[in-house]
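Residue-level listing of the chains:
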Amino acid sequence: MKIASWNVNSIRARLPIVTDWLASRRPEILLLQELKCEADAFPAEPFAALDYQAVVVGQKSYNGVAMLVRRPLAIERPLLALPGDEADAQARYLEATVAGLRVATLYLPNGNPVDSDKYPYKLRWMARLRAHAAGLLAQERPVVLGGDYNIIPEPEDVHDPEGWRNDALFRLESRKAYRALLHLGLTEAYRALHPAVPGQPPAYTFWDYQAGCWPRNLGLRIDHFLLSPQAADRLESCTIDRQPRGLDRASDHTPVVLVLRD
DNA sequence: ATGGTAGACCCTCTA
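Here the residue numbers are simple positions, counted from 1 along each chain's written sequence. Naming scheme: in the order in which they are written, chains are lettered from A and ligands are numbered from 1. In view of the model being predicted, local features appear only for residues whose pLDDT reaches at least 70, and side-chain atom pairs are presented and counted only at 80 or more, with totals across whole chains, interfaces and linings using the full set of residues. To get the side-chain values, all heavy atoms of the structure are used, and hydrogens and water are removed first.

## Focus on the overall build of chain A
Secondary structure summary: chain A contains six helices and 14 strands in total. For chain A, the spread of C-alpha atoms along the three principal axes comes to 50 × 45 × 40 Å. Only protein chains enter the calculation, and the probe is 1.4 Å; a residue is then buried if its accessible area is under 20% of its type maximum, exposed if over 50%, and partly exposed in between. In chain A, which comprises 262 residues, the share counted as buried stands at 52%. Residues are treated as being in contact if the distance between any of their heavy atoms lies within 4.5 Å. Here the contacts in chain A between residues at least 6 apart in sequence split such that 69% fall between residues at least 24 apart. Reported accessibility uses the Shrake-Rupley method at a 1.4 Å probe radius. Residues are deemed covered only where the shown protein chains occlude them. Carbon together with sulfur atoms contributes 51% to the accessible area of chain A, which is approximately 11600 Å² in total. When charges are counted, Lys and Arg contribute as positive and Asp and Glu as negative, whereas His and the chain ends are disregarded. Charged side chains are reduced to one point each, which is NZ for Lys, CZ for Arg, CG for Asp and CD for Glu. Side chains of chain A carry 31 positive and 32 negative charges; the gap between the two charge centres is 1 Å. Counting from the N terminus, the helices are the DSSP runs of H or I reaching at least four residues and the strands are the DSSP runs of E reaching at least two.

## Description of the packing of aromatic side chains
By convention, a stacked pair of Phe, Tyr or Trp rings (six-membered ring in the case of Trp) has centres within 6.5 Å and planes under 30 degrees apart, an edge-to-face pair has planes over 60 apart, and any other such pair is tilted. Applying the stated criterion across every chain, the model contains five aromatic pairs. Considering the side-chain rings of F42 and F47, the 5.6 Å spacing of their centres and the 25 degrees angle between planes classify their relative orientation as stacked. Here F42 and F47 have matching classes, each one buried. Remark: a charge is flagged as sitting over a ring if the NZ atom of Lys or the CZ atom of Arg is within 6 Å of the ring centre and within 35 degrees of the ring normal. The lysine or arginine in question, R171, covers the ring of Y119, its NZ or CZ lying 4.9 Å from the ring centre.

## Details of the pattern of salt bridges
A pairing counts as a salt bridge when a side-chain nitrogen of Lys or Arg comes within 4 Å of a carboxyl oxygen of Asp or Glu. The full count for this structure, using the stated rule, is eleven salt bridges. E28 is paired through a salt bridge with R70; the nearest N and O atoms lie 3.3 Å apart. Linking E28 in the loop between helix 1 (15-25) and strand 2 (29-33) with R70 in strand 4 (residues 65-70), this pair joins segments that are 42 residues apart in sequence. Residue classification places E28 among the partly exposed residues on the basis of a relative accessible area of 21%. Judged by its relative accessible area of 22%, R70 is partly exposed. In this structure, E154 and R175 form a salt bridge, with 3.8 Å as the shortest nitrogen-oxygen distance. Here E154 is found in the loop between strand 8 (143-148) and helix 4 (172-182), whereas its partner R175 is found in helix 4, with 21 residues between them in sequence. Look at the salt bridges and you will find they share partners, linking D157, E188, R191 and R221 into a network.

## Digging into helix 4
Looking at helix 4, one finds that the buried residues are S174, R175, Y178 and L181. Buried residues of helix 4 fall within an arc of 110 degrees about the axis and therefore sit on the same side. For helix 4, exposure combined with an orientation more than 90 degrees from the buried face picks out L172 and K176. Residues of helix 4 that are buried sit in contact with helix 3 (118-138), strand 9 (187-188) and strand 12 (223-227). This arc is built from the directions going out from the helix axis to the C-beta atoms.

## A word on the protein's contact with DNA strand B
Whether a residue is near a molecule or strand depends on its heavy atoms: it is near if one of them lies within 4 Å of it. Surveying the vicinity of DNA strand B reveals 17 residues, the closest of which are S10, R14, S61, K118 and Q210. Take R14: an N or O atom from its side chain is 3.0 Å from a phosphate oxygen of DNA strand B. Any pair of nitrogen or oxygen atoms within 3.5 Å is treated as a polar contact; in protein, a donor-acceptor pairing is required on top of that, and neighbouring residues in sequence qualify only through side-chain atoms on both sides. Note that a base nitrogen of DNA strand B is positioned 3.1 Å from one of the side-chain N or O atoms of Q210. Side-chain classes are defined by residue name, with Ala, Val, Leu, Ile, Met, Phe, Trp, Tyr, Cys and Pro counting as nonpolar, Asp, Glu, Lys and Arg as charged, and the others, Gly among them, as polar. For the surface near DNA strand B, the residue count by class is five nonpolar, five polar and seven charged.

## Overview of the sheet that holds strand 13 (residues 235-240)
Strands were regarded as paired on the criterion that DSSP finds at least two bridges between them. Sheet architecture is open: six strands sit in the order 3-4-2-1-14-13, paired in mixed fashion. What marks the edges here is a single partner per strand, and that holds for strand 3 (52-57) and strand 13. Strand-to-strand twist in this sheet, taken as the mean axis angle between neighbours without regard to direction, amounts to 15 degrees. In this structure, strand 2 lies alongside strand 4, joined through five bridges in antiparallel fashion. Opposite L32, over in strand 4, you have A66 as the bridge partner. Sheet strands in contact with helix 1 are strand 1 (2-7), strand 2, strand 3, strand 4 and strand 14 (256-260), and its direction is about 165 degrees off that of strand 1. In this analysis, axes come from line fits to C-alpha atoms, helices being fitted only over the stretch in contact, and the angle between any two N-to-C directions falls in the range 0 to 180 degrees.

## Let's talk about the nonpolar core
Nonpolar cores are built from buried Ala, Val, Leu, Ile, Met, Phe, Trp, Tyr and Cys residues. Side-chain atoms within 4.5 Å join them into one set. Residues I3, I29, M67, V144, F225, L227 and L258 are the most contacted members of the largest nonpolar core, which totals 30 residues. Once you skip the residues sitting within four places of it in the chain, I29 turns out to touch M1, K2, I3, A4, M67, L68, V69, V98 and V103.

## Comments concerning helix 3
Look at helix 3: 30 Å from first C-alpha to last across 21 residues, which is about the 30 Å you get at 1.5 Å a residue. Buried within helix 3 are the following residues: Y119, Y121, K122, W125, M126, R128, L129, H132, A133, L136 and L137. On its buried face, helix 3 sits against strand 5 (76-79), strand 6 (93-98), strand 7 (101-107), strand 8, helix 4 and helix 6 (229-232). Directly beyond the C-terminal end of helix 3, a positive phi value near 55 degrees is found at E140. A helix is expected to reach a length of 1.5 Å times the quantity of its residues less one.

Written as structure tokens, this is what we have:
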């Protein structure tokens, strides 16, 4: 079972890059974030032509998440929002059951600037995610929570830790909230298989469009897969596919690919 | 030089 997660920074702007990638990699599930369109405007037909059905939670201009599932697998019991705040209209969470796995695609709030109301919103959203994940874990089933967490977990995951010290993606308060989520009993798939080694090349999933960050490899590792124990027991591989980031008109994120044993 | 890019879309916001 191959599951990929990709913040595409507009699905309509990225359509040929995403369809080409799907045609060659053929994951069973692709989790998308930052669609930047309403559900009605999601380009479902080119994905259907590749045998992928889609569930979309969209919003005009901002946010938006989707789950693409390759036939003949079915999408069961979709949940179209993160529970815990009925008034939250931002399209950032979608969860469904596929082949006995409970799978979520999530776009955690960025939270910058930290002195705006965006930052407390990020922390509240993380508290809601933690509460919801606790309920999922209590069911003792395989759960995969994938997406753009907008969290740099450790100094090894950013090119300039000192410069990012007070950023909403890296400040201690954010990392503590992320760690509290992990401490429920979730396994972060990439780091579990690839411990950071001093002197080895860093592993990033995002490079800013500005200041030549991609050619200079000044990136961040902010896209993650968190696994319940029943999913972690099946963990075979987790890799970062840098190829699409080097294309013309690329997203600023590149896909993370998880493989679970059947 | 306090810089630079990208996407959506009404011109400024978000990242």
